[in-house]
Amino acid sequence: MKFHITGTRRGLGKHLSKLVPTVDSIEECDVFINCKHDGFNQVELLYKAASLNKKIINIGSVSSDFLSEHSRYAVEKKALEIANEQLFWQGARTTILKLGWVDTERTKKYPDKKMSKDYVCDLVFWILDQPHRIKELSIYPE
């Protein structure tokens, strides 16, 4: 199985890219992991991958469920969540993994408990191993 992962310069995307064989484009992959937060571009990439009939894992955020000091981020992640739901019900093989804090360089300044990148990667692989489509999975550290 070949993967195309966005956001591989740091954080979760970088960690994932060390664990799986990656390719340079969505067209070449079997699985697209939509990891990099890049404004509404995540939504555009989701639509592109769905049109190519790829298996898709979107890295979303539980922040899309409430308003916080990161309101623009939350709105962009909510758009990704809504697009995922729309495409899922149209038959796309897409899942959104809505995460709380993950222990990455970006979250070092926050004192909250965090999930490890290894744990999140295990969740991604678990989703891929399921015989049925999973629309959404929300995980928040205790």
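Residues numbered from 1 in each chain as written. Predicted model: local features only at pLDDT ≥ 70, side-chain atom pairs only at ≥ 80, totals over all residues. Heavy atoms only, no water.

Undergrad: A description of the pairing of strand β4 (residues 94-99) should follow, citing residues and the corresponding values.
TA: Among the 6 residues of β4, 6 are classified as buried, and the element is accordingly described as predominantly covered. Burial along β4 is two-sided: the residues T94, I96 and K98 and T95, L97 and L99 are all buried. Of the strand pairs in this sheet, strand β3 (residues 55-61) and β4 are connected by 6 bridges, and their pairing is parallel. Each bridged residue has a counterpart across the sheet, and for S61 the counterpart in β4 is L99. Here 4 bridges tie β4 to strand β5 (residues 136-139), and the two strands are oriented parallel to one another. Directly across from K98, in β5, lies its bridge partner S138. (Buried < 20%, exposed > 50% of the residue type's maximum accessible area, 1.4 Å probe, protein only. Helix = DSSP H or I, 4+ residues; strand = E, 2+ residues; numbered from the N terminus. Pairing = 2+ DSSP bridges.)

Undergrad: Tell me what's going on with unusual backbone geometry, and back it up with residues and numbers.
TA: Its identity as a non-glycine residue notwithstanding, N53 has a phi of 60°, on the positive side. The exposed category is assigned to N53, whose relative accessible area is 52%.

Undergrad: Go over the sheet that holds strand β2 (residues 31-34), please, and point to the residues and values.
TA: The strand order across the open sheet built from 5 strands is β1-β2-β3-β4-β5, with neighbouring strands paired in parallel fashion. Looking at strand neighbours, the two that pair on one side only are β1 (3-5) and β5, the edges of this open sheet. Direction aside, neighbouring strands of the sheet carry axes that sit 15° apart on average. Contacts from helix α4 (residues 117-129) reach β1, β2, β3, β4 and β5 within the one sheet, and its direction differs from that of β4 by about 155°. (Axes fitted to C-alpha atoms, helices over the stretch in contact; angles between N-to-C directions. Contact = heavy atoms within 4.5 Å.)

Undergrad: Please set out the pattern of salt bridges residue by residue, giving values where relevant.
TA: Once the charged atoms of two side chains with opposite charge are near each other, the side chains can pair. Inspection of the entire model under this criterion finds 5 salt bridges. Here E27 makes a salt bridge to K48, at a shortest N to O gap of 3.1 Å. Of this pair, E27 sits in the loop between α1 (11-17) and β2 while K48 is found in helix α2 (residues 41-51), placing the two residues 21 residues apart along the sequence. By relative accessible area, which is 37% here, K48 ends up partly exposed. Across the pair E136 and K135 runs a salt bridge whose closest N-O atoms are separated by 3.7 Å. Classification of E136 as partly exposed rests on a relative accessible area of 33%. (Salt bridge = Lys/Arg side-chain N within 4 Å of Asp/Glu carboxyl O.)

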